[in-house]
Amino acid sequence: MVAILLGTGFEESEALVPADLLRRAGVEVCLAGIGGTQITGAHGITVTADCALEALNADALDMLMLPGGLGGVEAIQGELRAQALIQRCYDEGCWLAAICAAPTILANLGFLDRRRAVCYPGMEELMGSAVVQKGTPVVVDGHIVTAEAAGSAFPFGLKLVEVLKGADAARKVAHDVHYHG
């Protein structure tokens, strides 16, 4: 299962496009809300999460995904349960994925030290000792996937499908949605 953490102010496309693509590939996805199940994104779109963070079954996770949006990133950084879940996933070798401003969360925890990664342009100074791949939409290094920004939501989501289900599954989903990126 893939859990996508939603905090108030999350970037809607960065969470929902990958969720959609993963579900099209047959991957179970749980949108987990910080502070409840009605979470309003950065552009005023309120999403009903599948569960509140405290109800998430962490034992079932194959991947934890962190969307960007400065408010959403602040919500994740300010929630001890979210920080503990990220640490647990890292320690257990679970896939971690983050897009836009969210890779800075992983950098703050030291998880990107000397790893190739990407983040929202202009936030590179917040990436610690990560080897930032400027201008690259999606980067995979070990069990961590990072992506640049909202414009990378489709290639990011398809890369998540690929790492979990294989390249053929990712190609099929891309074909089915007529993605030609």
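> I would appreciate a short explanation of the packing of aromatic side chains in the present structure.
To describe a pair of aromatic rings, one takes the distance between the centres and the angle between the planes. Scanning all chains against the criterion turns up two aromatic pairs. Pairing Y90 with F111 gives two aromatic rings, centres 3.8 Å apart and planes at 0°, and the pair type is stacked. On the criterion of sequence distance, the pair formed by Y90 in helix α3 (residues 80-91) and F111 in the loop between α4 (103-108) and β8 (116-117) is long-range, its members being 21 residues apart. Exposure remark for Y90: the relative accessible area of 24% places this residue in the partly exposed category. Taking the relative accessible area as the measure of exposure, F111 reaches 3% and is therefore buried.

> What is the right way to look at helix α5 (residues 153-165) in this model?
Side chains of residues three or four places apart in an α-helix project in the same direction, reflecting 3.6 residues per turn. End to end, α5 covers 18 Å across 13 residues, agreeing with the expected 18 Å (1.5 Å per residue, within 8%). Buried positions along α5 lie against α1 (12-24), β6 (63-66), β7 (95-99), β10 (138-141), β11 (144-147) and α6 (167-176). Positioned one or two residues after α5, G166 has a phi angle of 105°, which is positive.

> What is the right way to read α1 from this model?
In this model α1 runs 18 Å from its N-terminal to its C-terminal C-alpha over 13 residues, within 8% of the 18 Å that 1.5 Å per residue would give. Next to the buried residues of α1 lie β1 (2-6), β2 (29-33), β6, β7, α5 and α6. G26 sits one or two positions beyond α1 and adopts a positive phi of about 85°.

> What should I look at first to understand the sheet that holds strand β5 (residues 51-52) in this one?
Two strands in a sheet stick together by hydrogen bonds in their backbones, pointing the same way (parallel) or opposite ways (antiparallel). Taken in spatial order, the seven strands make up an open sheet running β5-β2-β1-β6-β7-β11-β10, and their pairing is mixed. Both edges of this open sheet fall to β5 and β10, since each of them pairs with a single strand only. Of the strand pairs in this sheet, β1 and β6 are connected by three bridges, and their pairing is parallel. Looking across to β6, one finds that A3 is bridged to L64. Across the sheet, α1 touches β1, β2, β6 and β7, and the angle it forms with β2 is around 155°.

Scoring rules and cut-offs
Residues numbered from 1 in each chain as written. Predicted model: local features only at pLDDT ≥ 70, side-chain atom pairs only at ≥ 80, totals over all residues. Heavy atoms only, no water. Phe/Tyr/Trp six-rings, centres within 6.5 Å; stacked < 30°, edge-to-face > 60°. Helix = DSSP H or I, 4+ residues; strand = E, 2+ residues; numbered from the N terminus. Buried < 20%, exposed > 50% of the residue type's maximum accessible area, 1.4 Å probe, protein only. Expected span 1.5 Å × (residues − 1). Contact = heavy atoms within 4.5 Å. Pairing = 2+ DSSP bridges. Axes fitted to C-alpha atoms, helices over the stretch in contact; angles between N-to-C directions.

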